[in-house]
Amino acid sequence: MRYQLYYWPSIQGRGEFIRLALEDAGADYVDVARRPRGMKAMFTQMKRNHVFAPPFLRAGQLVIAQTAMILHYLGPRLGLAPKSEPQRLWLHQQQLTISDWLVEVHDMHHPIGSGLYYEDQKPESRRRAEDFRKSRLPKFLGYFERLERGRSITNLELSLFQMVEGLRYALPKTMRRIERKYPKLVALHDRVAARPRLAAYLASERRIAFNQQGIFRHYPELDA
Ligand SMILES: N[C@@H](CCC(=O)N[C@@H](CS)C(=O)NCC(=O)O)C(=O)O
């Protein structure tokens, strides 16, 4: 099966959680919007399939949107999820919690509105980021640190790798200070980064660098 991933071509964003799964599994996929005329194709597919926002995945006749849902579909097909329903639902639940966490990362730099520039909501961003750093970030990190996950690598481990990577980019000072409280997450991050297919992907041009248009953005004034 050749999967077609549709996502904004210049950012890691939510699409990266899908890219990591496809890359780790060595799946055959096309990152459609990064191809010539790919953006036009993406908008056409969004309209035709009534998709609110990317990422979405085309798998044969199926079109699936919502990051966690795409991973729920792909997981067993890519060998990145258990097969039993209770375990898959548990994994999906954790993945949805990652989605919630990601929204809060985004809201650090866009606390008032996604349609406004960061520059138009700077005072609110400072307040929001302070609360995120002091209260929400330790709560999410502590939650996933304590989660009993077993040894196998699933979508969830790949996503936790991406959260650590992104947070290190966005909040380097904070992460340097607090990371040692989460040794299992740091070890997991390193283990995922060393997986041969992922290591090759991360070193390739297919991995878009973090930048100031994505979800993880580095504004020094929001870090401490
Ligand atoms: N809940 C969705 C959110 C999708 C989403 O917000 N996509 C962003 C890019 S990361 C987007 O293009 N949003 C456009 C919009 O909300 O108008 C998911 O987890 O996939």
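First, a word on what this report is: a plain description of the structure on this page. (Residues numbered from 1 in each chain as written. Predicted model: local features only at pLDDT ≥ 70, side-chain atom pairs only at ≥ 80, totals over all residues. Heavy atoms only, no water.)

1. Some remarks on the overall build of the protein chain
1) Next: When its secondary structure is counted, the protein chain shows 9 helices and 4 strands.
2) Next: Against the globule reference of 17 Å for 224 residues, the protein chain gives a C-alpha radius of gyration of 17 Å, in line with a compact fold.
3) Next: Principal-axis analysis of the C-alpha atoms gives the protein chain an extent of 45 × 40 × 35 Å.
4) Next: Long-range contacts, defined here as pairs at least 24 residues apart, represent 71% of the contacts in the protein chain between residues at least 6 apart.
5) Next: As displayed, the protein chain has an accessible area near 11500 Å², and 53% of this comes from carbon and sulfur atoms.
6) Next: Distance between charge centroids for the protein chain: 3 Å, based on 37 positive and 23 negative side chains. (Helix = DSSP H or I, 4+ residues; strand = E, 2+ residues; numbered from the N terminus. Rg over C-alpha atoms; globule rule 2.2 N^0.38 Å. Contact = heavy atoms within 4.5 Å. Areas by Shrake-Rupley, 256 points an atom, 1.4 Å probe, with all protein chains shown as cover. Lys, Arg positive; Asp, Glu negative; His and termini not counted. Charge placed at Lys NZ, Arg CZ, Asp CG, Glu CD.)

2. Quick look at the sheet that holds strand β4 (residues 62-65)
1) Next: An order of β2-β1-β3-β4 is seen for the 4 strands of this open sheet, with the pairing classed as mixed. A single partner strand is all that each edge strand has here, and the edge strands are β2 (29-31) and β4. In this sheet, adjacent strand axes meet at a mean angle of 20 degrees when their direction is disregarded.
2) Next: Strands in contact with helix α1 (residues 15-25) are β1 (3-6) and β2; relative to β1, the strand with the most contacts, it is inclined by about 155 degrees.
3) Next: Strand contacts of helix α3 (residues 67-77): β1, β3 (56-59) and β4, with the helix running at about 130 degrees to β4, the strand carrying the most contacts. (Pairing = 2+ DSSP bridges. Axes fitted to C-alpha atoms, helices over the stretch in contact; angles between N-to-C directions.)

3. Digging into the pairing of β3
1) Next: Here β3 shows a buried face lined by Phe56 and Arg58 and a second buried face lined by Leu57 and Ala59.
2) Next: Here 4 bridges tie β3 to β4, and the two strands are oriented antiparallel to one another. By the bridge assignment, Leu57 is partnered in β4 with Ile64.
3) Next: From the end of β3 to the start of β4, which pair antiparallel, there are 2 residues, and Gly60 there has a positive phi angle of about 65 degrees. (Buried < 20%, exposed > 50% of the residue type's maximum accessible area, 1.4 Å probe, protein only.)

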